[in-house]
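A structural walkthrough
Spelled out from the first residue to the last, the chains are:
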Amino acid sequence: MFAPNLKWENIDLKSMIANEFPFPVAIDNEANSGALGEKLFGVGKDASNLIYVSAGIGIGTGIIIDNELYKGSSGFSGEMGHLTIEVNGKKCSCGNRGCWEMYASENALLEQAKSLSIHSDRADKPLDIESLVKMADDGHVEVIHLFNTIGEYLGIGLTNIINTLNPELIIIGNRLSAAKNWLINPIRRVIENRALPFHRKQLRIEFSGLNIYSCALGASSIAVSHFFSENNITVE
Ligand SMILES: [Zn+2]
């Protein structure tokens, strides 16, 4: 219905795919599929209440409450990338200003790196998160500082989520998980300093072990469960 980072509005993706392939098609949000993937196959297996944060081009979140994906009244829950974290902040593609994903996504990281004139070490390859991680590992002070800033902003948004939903587990996945070692300390520091103490007490923060595949695995599980339910097959 609305994917501002792709500039899509009211695109009938389901019919477009159904016209190409002779199979039933189900459509869901990338962060919801990622949350399912983590719950079924990843670090979320043992958690009943978890938030999967998909930090890529933008930020999306999948919310699992009491072992069920929470989809909202019309299926649009979890757009926490558009939480306002800077009142007069940067303009976002959603129409608002100061959205979380303008400060804590892969896009934010790459844009800030460009504005600091940090370039890819290879002329044939645009700057990406992997090369920034390598620069930080090699001791590039500006890049380390940049990861620190992105990590702090991630921590700010996560604090709002923690205080609202009191999850037992937060899983950070998608592209930014490649920078896990540089992001985890500022994230933990901000949450330690800012989140409410009772909410913080039994909270675990993990990066996805499934890396960029949590969404694909979750989407596969949606296809499998559709097949079983449509054919009235149950598995004990
Ligand atoms: Zn926004």
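Residues numbered from 1 in each chain as written. Predicted model: local features only at pLDDT ≥ 70, side-chain atom pairs only at ≥ 80, totals over all residues. Heavy atoms only, no water.

1. Focus: the nonpolar core
W100, L132, F147, L154, L158 and L183 are the most contacted members of the largest nonpolar core, which has 44 residues in total. Sort the elements by how many residues they give to this core and helix 6 (residues 141-165) lands first, with eight residues. Leaving out residues up to four positions away in the same chain, F147 has contacts with L109, L132, V133, A136, A179, W182, L183 and P186. (Core = buried A, V, L, I, M, F, W, Y, C linked by side-chain atoms within 4.5 Å. Buried < 20%, exposed > 50% of the residue type's maximum accessible area, 1.4 Å probe, protein only. Helix = DSSP H or I, 4+ residues; strand = E, 2+ residues; numbered from the N terminus. Contact = heavy atoms within 4.5 Å.)

2. Some words on the pattern of salt bridges
For side chains of opposite charge, pairing can occur when their charged atoms come near one another. Taken as a whole and judged by the stated rule, the model has seven salt bridges. In this structure, K134 engages D138 in a salt bridge whose closest nitrogen and oxygen atoms are separated by 3.1 Å. Residue D138 is classed as exposed on the basis of its relative accessible area, which comes to 58%. Ionic contacts of the salt-bridge type, sharing partners, join the residues E106, E130 and R175 into one network. (Salt bridge = Lys/Arg side-chain N within 4 Å of Asp/Glu carboxyl O.)

3. A short note on the packing of helix 6 against helix 7 (residues 180-194)
For the pair helix 6 and helix 7, the least separation of the axes is 7 Å and the interaxial angle reads 40 degrees. Considered as vectors, helix 6 and helix 7 are oriented oblique to each other. Judged by the twist between their axes, the crossing of helix 6 over helix 7 is right-handed. For the contact of helix 6 with helix 7, the per-class residue count stands at 13 nonpolar, five polar and three charged. (Axes fitted to C-alpha atoms, helices over the stretch in contact; angles between N-to-C directions. Parallel < 35°, antiparallel > 145°, perpendicular 65-115°, else oblique. Left-handed = near helix turned anticlockwise from the far one by under 90°. Nonpolar A, V, L, I, M, F, W, Y, C, P; charged D, E, K, R; others polar.)

4. Describing the coordination of the zinc ion
Around the zinc ion, the protein contributes the donor atoms H82 (ND1), C92 (SG), C94 (SG) and C99 (SG), at 2.0 to 2.4 Å from the metal centre. Because the angles between the four donor atoms bound to the zinc ion fall within 104 to 119 degrees, the donor set is best described as tetrahedral. If you list the donors of the zinc ion from N- to C-terminus, the spacing comes out as H-x9-C-x1-C-x4-C. (Donors = N, O, S within 2.8 Å, 3.2 Å for Na, K, Ca; no water. Tetrahedral: all angles 85-135°; square planar, octahedral: opposite > 155°, others 65-115°.)

5. Details of the packing of aromatic side chains
The tally for this structure, following the rule as stated, stands at two aromatic pairs. When the ring of F227 is compared with that of F228, the centres are 5.8 Å apart and the planes differ by 55 degrees; the resulting orientation is tilted. The class for F228 is partly exposed, based on a relative accessible area of 29%. In this structure, K90 is placed above the aromatic ring of Y103, and the distance from its NZ or CZ to the ring centre is 4.9 Å. (Phe/Tyr/Trp six-rings, centres within 6.5 Å; stacked < 30°, edge-to-face > 60°. Lys NZ or Arg CZ within 6 Å of the ring centre and 35° of its normal.)

6. Brief notes about helix 4 (residues 106-115)
Within the sequence span of helix 4, burial applies to E106, A108, L109, L110, Q112 and A113. Count one or two residues on from helix 4 and you reach S117, which has phi positive near 60 degrees.

7. Digging into the environment of I170
Positionally, I170 belongs in strand 6 (residues 169-173). According to the relative accessible area criterion, I170 is buried, its value standing at 0%. Separated by 120 residues in sequence, I170 and L50 place their C-alpha atoms 5.7 Å apart. Ignoring anything within four residues of it in the chain, the contact list for I170 reads I51, V53, L158, I162, L203, R204, I205 and E206.

8. Some thoughts on the packing of helix 2 (residues 30-41) against helix 9 (residues 214-230)
Taken N-terminus to C-terminus, the directions of helix 2 and helix 9 make an angle of 85 degrees; their axes are 6 Å apart at the nearest point. In terms of their interaxial angle, helix 2 and helix 9 are classed as roughly perpendicular. Facing E30, S33, G34, L36, G37, E38, L40 and F41 of helix 2, the residues of helix 9 in contact are S214, C215, L217, G218, A219, S221 and I222. Each residue belonging to the contact of helix 2 with helix 9 can be placed in one class, and the counts come to seven nonpolar, six polar and two charged.

9. A few points about the sheet that holds strand 3 (residues 50-55)
Note on sheets: strands pair through backbone hydrogen bonds, and any given pair is parallel or antiparallel. Sheet architecture is open: five strands sit in the order 5-4-3-6-7, paired in mixed fashion. Of all strands in the sheet, those with a lone pairing partner are strand 5 (68-69) and strand 7 (204-207), marking the two edges. Across five bridges, strand 3 lies against strand 6 in parallel orientation. Counterpart to I51 in the pairing with strand 6 is I170. (Pairing = 2+ DSSP bridges.)

10. Description of the pairing of strand 4 (residues 59-65)
By the criterion of burial, strand 4 is predominantly enclosed, with six of the seven residues buried. Sheet analysis places strand 3 next to strand 4, joined by six bridges and oriented antiparallel. What sits directly across from V53, in strand 4, is T61. Between strand 3 and the antiparallel strand that follows it, strand 4, lie three residues. As judged from the two bridges shared by strand 4 and strand 5, these two strands associate in the antiparallel manner. By the bridge assignment, I65 is partnered in strand 5 with E68. Taken together, strand 4 and the strand that follows it, strand 5, pair antiparallel across an intervening segment of two residues, in which D66 is found at a positive phi of about 50 degrees.

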